[in-house]
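Inside the fold
Spelled out from the first residue to the last, the chains are:
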Amino acid sequence: APTTDIYNVLLEGCARAGDMAAAHRLLDEMRRIGLAPTAATFTALVLGHVRADDIPSATDTLRHMEATMPAEALGDGPYNVLVAAACRAGQLQVA
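Values in this document were obtained by computation on a predicted structure and should not be read as measured data.

1. What about the nonpolar core?
- Leu11, Leu45, Val46 and Val50 are the most contacted members of the largest nonpolar core, which has 25 residues in total.
- Those elements that provide at least two residues to this core are α1 (4-17), α2 (20-32), α3 (39-51), α4 (55-68) and α5 (77-88).
- No other element matches the six residues that α2 contributes to this core.
- Excluding residues within four positions of it along the chain, Leu45 makes contact with Leu11, Met20, Ala23, His24, Leu27 and Thr61.

2. A word on the environment of Asp19
- Note on placement: Asp19 falls in the loop between α1 and α2.
- According to the relative accessible area criterion, Asp19 is partly exposed, its value standing at 36%.
- When the C-alpha atoms of Asp19 and Leu45 are compared, they prove to be 10 Å apart, with 26 residues separating the residues in sequence.

3. A few points about the pattern of salt bridges
- Enumeration over the complete set of coordinates arrives at two salt bridges.
- The shortest N-O distance in the salt bridge between Glu12 and Arg16 comes to 2.8 Å. You can see Glu12 and its partner Arg16 sitting in helix α1, four residues apart, about one turn around the helix.
- Classification of Glu12 as partly exposed rests on a relative accessible area of 33%.
- For Arg16, a relative accessible area of 52% translates into the label exposed.
- Measuring nitrogen to oxygen at the nearest pair gives 3.6 Å for the salt bridge that ties Arg63 to Asp60. One end of the pair is Arg63 and the other is Asp60, both in helix α4 and three residues apart, which spans about a single turn.

Rules and cut-offs
- Residues numbered from 1 in each chain as written.
- Predicted model: local features only at pLDDT ≥ 70, side-chain atom pairs only at ≥ 80, totals over all residues.
- Heavy atoms only, no water.
- Core = buried A, V, L, I, M, F, W, Y, C linked by side-chain atoms within 4.5 Å.
- Buried < 20%, exposed > 50% of the residue type's maximum accessible area, 1.4 Å probe, protein only.
- Helix = DSSP H or I, 4+ residues; strand = E, 2+ residues; numbered from the N terminus.
- Contact = heavy atoms within 4.5 Å.
- Salt bridge = Lys/Arg side-chain N within 4 Å of Asp/Glu carboxyl O.

See the structure below:
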């Protein structure tokens, strides 16, 4: 049976390949079959958006994560990725 870890690996692969549409389809599929995204899931998505120079989508992904996950499960990973990218892009208001 598919697991969250398997989906996270697939999501990360899509994100590294720059196929964020496929990554988001996988996220939707995860939810449809009853798997809950983790901080690692959202880190992969944020990283993909950052690599595509799409800081607004990365920020939206973080907001979605915050709205759907308990605070203690969030972790620092997604935030660290976004802050580093925003600083590199000179978008200090995001950081």
